[in-house]
Amino acid sequence: MKITVNDKAHETAAATLAALIDELGYGDETIGTARNRAFVRAADRRQTPVKDGDEIEVLTPRQGG
């Protein structure tokens, strides 16, 4: 299916947001996620489906000053 990840086109067969995060290589990193502009808690990623046309945002914390 075709989705958008961080404003870039992406093709995936991942059925859930958790599977997509693994596919993208984020593994156990601390990240924030949103599906179609709605925040998805880490605890909910395994139950959150990924569907054709979804817009996914993956945010990583940055340090700086």
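Above this text is the structure in question.
Presented here is a report on the structure given in the accompanying data block. (Residues numbered from 1 in each chain as written. Predicted model: local features only at pLDDT ≥ 70, side-chain atom pairs only at ≥ 80, totals over all residues. Heavy atoms only, no water.)

## Re the overall build of the chain
Counting secondary structure elements, the chain contains one helix and five strands. Counting from the amino terminus, the chain carries its helices and strands in the arrangement β-β-α-β-β-β. Principal-axis analysis of the C-alpha atoms places the extent of the chain at approximately 40 × 25 × 20 Å. Here the chain, with 65 residues, has 31% of them falling under the buried criterion. Taking contacts inside the chain between residues at least 6 apart in sequence as the whole, the part at least 24 apart equals 53%. Of the side chains in the chain, 9 bear a positive and 11 a negative charge, and the two mean positions are spaced by 3 Å. (Helix = DSSP H or I, 4+ residues; strand = E, 2+ residues; numbered from the N terminus. Buried < 20%, exposed > 50% of the residue type's maximum accessible area, 1.4 Å probe, protein only. Contact = heavy atoms within 4.5 Å. Lys, Arg positive; Asp, Glu negative; His and termini not counted. Charge placed at Lys NZ, Arg CZ, Asp CG, Glu CD.)

## Digging into the nonpolar core
In a soluble, globular protein the nonpolar side chains are often hidden away together inside. Residues I3, V5, A14, L17, L20, I21, Y26, I31, V40, V50, I56 and V58 constitute the largest nonpolar core, which totals 12 residues. Only β1 (2-5), α1 (17-23) and β5 (55-59) provide two or more residues apiece to this core. Take this core: its biggest share by element is three residues, from α1. Every residue in contact with L17, bar those within four places of it in the chain, is listed here: T33, V40, R45, T48, V50 and I56. (Core = buried A, V, L, I, M, F, W, Y, C linked by side-chain atoms within 4.5 Å.)

## With respect to the sheet that holds strand β3 (residues 32-35)
Across the sheet, which stays open at both edges, the five strands sit in the order β2-β1-β5-β3-β4 with mixed pairing between neighbours. Unpaired on one side and paired on the other, β2 (8-11) and β4 (38-40) mark the two borders of the sheet. On average, each strand axis in the sheet is inclined to that of its neighbour by 35°, with strand direction left out of account. (Pairing = 2+ DSSP bridges. Axes fitted to C-alpha atoms, helices over the stretch in contact; angles between N-to-C directions.)

## Some words on the pattern of salt bridges
Applying the stated criterion to the full structure yields three salt bridges. Between R37 and E55 there is a salt bridge, and its shortest N-O distance comes to 3.9 Å. One end of the pair, R37, is in the loop between β3 and β4; the other, E55, is in strand β5, with 18 residues separating them in the sequence. R37 sits in the exposed class, given a relative accessible area of 77%. Close ionic contact of R41 with D44 constitutes a salt bridge, the shortest N to O distance being 3.0 Å. The class of R41 is partly exposed, set by a relative accessible area of 47%. (Salt bridge = Lys/Arg side-chain N within 4 Å of Asp/Glu carboxyl O.)

Everything listed here is a matter of coordinates, which is why it stays silent on function.
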